[in-house]
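Spelled out, the chains give:
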Amino acid sequence: MPALNMIRYEVGSFKPFFERILKRHNQKMKAYVAVQKKLLGIIYTLWKRNEAFISDVQNHLSGNVETVPSFALAQGPK
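To start, this report covers the structure provided alongside it. In this text, all values refer to a predicted model and were calculated from it rather than measured experimentally. (Residues numbered from 1 in each chain as written. Predicted model: local features only at pLDDT ≥ 70, side-chain atom pairs only at ≥ 80, totals over all residues. Heavy atoms only, no water.)

A look at the packing of aromatic side chains
Inference 1: Per the stated rule, a full pass over the model turns up 2 aromatic pairs.
Inference 2: Between the aromatic rings of tyrosine 44 and tryptophan 47, the centroid separation amounts to 5.9 Å while the plane-to-plane angle is 45 degrees, which identifies the pairing as tilted. Taken as a pair, tyrosine 44 and tryptophan 47 lie in helix H3 (residues 28-49) at a separation of 3 residues, close to a single helical turn.
Inference 3: The ring of phenylalanine 17 carries lysine 38 above its face, with NZ or CZ at 4.1 Å from the centroid. (Phe/Tyr/Trp six-rings, centres within 6.5 Å; stacked < 30°, edge-to-face > 60°. Helix = DSSP H or I, 4+ residues; strand = E, 2+ residues; numbered from the N terminus. Lys NZ or Arg CZ within 6 Å of the ring centre and 35° of its normal.)

As structure tokens, then:
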């Protein structure tokens, strides 16, 4: 389901990636699975590094965007 939403709402560079895979293989499900695999790789990397997702990488690298702390860093009530 998340891969479908990433394509539908054109989040990040997932839509061009989907279209490239679709053009190469002519199978929608194969393209959706490729997007899903890419998403899982990103999620796993962010989890291991304990970082927040930043969708606008160019502005982040130039210093124009404030970083948002990850939920994993927040401590609940004691």
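Now that the structure has been shown, we can carry on.
Section: the environment of tyrosine 32
Inference 1: Within the secondary structure, tyrosine 32 is located in helix H3.
Inference 2: With 15 residues separating them along the chain, tyrosine 32 and phenylalanine 17 place their C-alpha atoms 9.8 Å apart.
Inference 3: When sequence neighbours within four positions are dropped, the list of residues in contact with tyrosine 32 reads Ala3, Leu4, Ile7 and Phe18. (Contact = heavy atoms within 4.5 Å.)

Some thoughts on unusual backbone geometry
Inference 1: Despite not being glycine, glutamate 10 has its phi angle at roughly 50 degrees, a positive value.
Inference 2: On the secondary structure map, glutamate 10 appears in the loop between helix H1 (2-8) and helix H2 (14-25).
Inference 3: At asparagine 50, a residue that is not glycine, the phi angle is positive and equals roughly 60 degrees.
Inference 4: The partly exposed category is assigned to asparagine 50, whose relative accessible area is 31%. (Buried < 20%, exposed > 50% of the residue type's maximum accessible area, 1.4 Å probe, protein only.)

Here's the deal with H2
Inference 1: With 12 residues, H2 should reach 16 Å at 1.5 Å per residue; the first-to-last C-alpha distance of 16 Å fits that figure.
Inference 2: Buried residues of H2: Phe14, Phe17, Phe18 and Ile21, and no others. When H2 is viewed along its axis, its buried side chains cluster within an angular range of 100 degrees and face the same direction.
Inference 3: Where H2 is buried, its residues touch H1 and H3.
Inference 4: Of the residues one or two after H2, asparagine 26 is the one with positive phi, at around 55 degrees. (Expected span 1.5 Å × (residues − 1). Arc of directions from axis to C-beta.)

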